[in-house]
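Here is what each chain is made of, one letter per residue.
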Amino acid sequence: MKIQELSKALDEIRREGLYRSVSDLAMKTASCGVDRNGKEYIVFSSNDYLGMTHEAPVIEAARKALSRGTGSGGARLTSGATFQAGDLEKALARFKGKEAALVFNTGYMANVGILYGLAGKDDVIFSDALNHASIIDGCRISPAKTVVYRHSDMDDLARLLEDTPCGGQRFIVTDGVFSMDGDICPLPALYELKKKYDACLIVDDAHATGVIGETGRGTAEYFHLPRAVDIQAGTLSKALGAEGGFAAASEDIVNWLRNRSRPFIFSTALPASVMAAAGAALRLLEEEGKTYLGRLRQNTDTMRRLLREGGIPVIAGDTPVIPIIMNDPEGTVTFAGALREEGILVSAIRPPTVPEGTSRLRLTVTAAHKEEEIHRAAAAIIRLWQRGQYHG
Ligand SMILES: *Cc1c(COP(=O)(O)O)cnc(C)c1O
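1. Digging into the packing of aromatic side chains
All told, the structure shown has three aromatic pairs when counted by the stated rule. With centroids separated by 5.0 Å and ring planes inclined at 85°, the aromatic side chains of tyrosine 222 and phenylalanine 223 adopt a geometry described as edge-to-face. Judged by its relative accessible area of 29%, tyrosine 222 is partly exposed. Taking relative accessible area as the criterion, phenylalanine 223 reaches 24% and is therefore assigned partly exposed. A cation sits over an aromatic face here: lysine 195 above tyrosine 191, 4.1 Å from the ring centre.

2. Focus on helix H9 (residues 251-260)
Taken together, the buried positions of H9 are occupied by Ile253, Val254 and Leu257. Taken down its axis, H9 places every buried residue within 95° of arc, on the same side. Away from the buried face of H9 by more than 90 degrees, exposed residues Asp252, Asn259 and Arg260 are located. Buried residues in H9 make contact with strand E4 (100-104), helix H4 (107-118), strand E9 (231-235), strand E10 (245-249) and helix H10 (262-265).

3. Here we look at the pattern of salt bridges
In the structure shown here, the tally under the stated rule is 21 salt bridges. Between lysine 28 and glutamate 40 there is a salt bridge, with its nearest N and O atoms 2.5 Å apart. Remark: glutamate 40 occurs in strand E3 (residues 40-43) and lysine 28 occurs in the loop between strand E1 (26-27) and strand E2 (32-34); sequence separation between them is 12 residues.

About the cut-offs
Residues numbered from 1 in each chain as written. Predicted model: local features only at pLDDT ≥ 70, side-chain atom pairs only at ≥ 80, totals over all residues. Heavy atoms only, no water. Phe/Tyr/Trp six-rings, centres within 6.5 Å; stacked < 30°, edge-to-face > 60°. Buried < 20%, exposed > 50% of the residue type's maximum accessible area, 1.4 Å probe, protein only. Lys NZ or Arg CZ within 6 Å of the ring centre and 35° of its normal. Helix = DSSP H or I, 4+ residues; strand = E, 2+ residues; numbered from the N terminus. Arc of directions from axis to C-beta. Contact = heavy atoms within 4.5 Å. Salt bridge = Lys/Arg side-chain N within 4 Å of Asp/Glu carboxyl O.

Written out as structure tokens, the structure is:
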């Protein structure tokens, strides 16, 4: 598009109710933010599921590591290989029950780096239709052929695995917990198909690590299938309260990525302070996981129950990602705006993030919410919903 035509195209996006802008917010605690006018909000749109961003040991670990400088100064293969990153990789591998792990700068880069680094031109990637954009982009830039199967539809995947010729390696890639609907992938069936077709199974546990499974180890633990997943992708920026992404897998896979994955090789490493924060959060999760996960579960159950009792059509589920489908993008934005007026922040999710006709409010509940905050938010949502002017 010609640069001169951008302004008109932006107007078109505004007319469709799909324009996006950024509202600055300073987090005072893990659940409370304040905007530039000093107005306070309870935040129900954060992925800080365990409230780790504000836990004292996590902040202290980051502060201590700041004595190593504010930036890492180079890529991991040059001068950016901090002790903290090396230690974190060992801890992540142990936590995920894998031989090794590799840290990337974001979860987005981890997914792109895994698929681009590993899948070559003779290979085929089978990808769930609702996978996260970072997986889609990894498929796009990888030279492998990509085949998209219907969301969590194992009959469709089986048929495609059977019918698609492949001279190299088959990969199956899926979100563990799907980011927009909050549903969990059918891992037992994926595991069976992976074995039958000798495929490499990649599960992106961005919304699952620290969230599902008895001790927060994610999708494999949730289904009691510790060996089902070949490559555990994840992020350090959600339940682990820091920034970054990772792949946990066999030594061979990790060594290959370290040698061949361009997002890993060609980007400056995260600073020691960020790696130390993620490491401290992971330690807290390992030591006191039951407490954090218990609080998260209780808050999730409370919010889901209150909304259901108030007649809100929440999609049933087992995760703290709670979507309320509104269809119309403008109605969704208006509804989120009305909640914002009342000091409650939820996300209005619209196409192209989700399919046409499925615009939604997306609430995320965390372990850091106080019971009173959950009651206040649910009551406001129910009251606005009952006025009925926002949905069709
Ligand atoms: C958030 C998310 C990512 C990206 O992680 P970042 O660390 O935010 O870059 C990847 N996959 C899924 C499923 C996500 O929800």
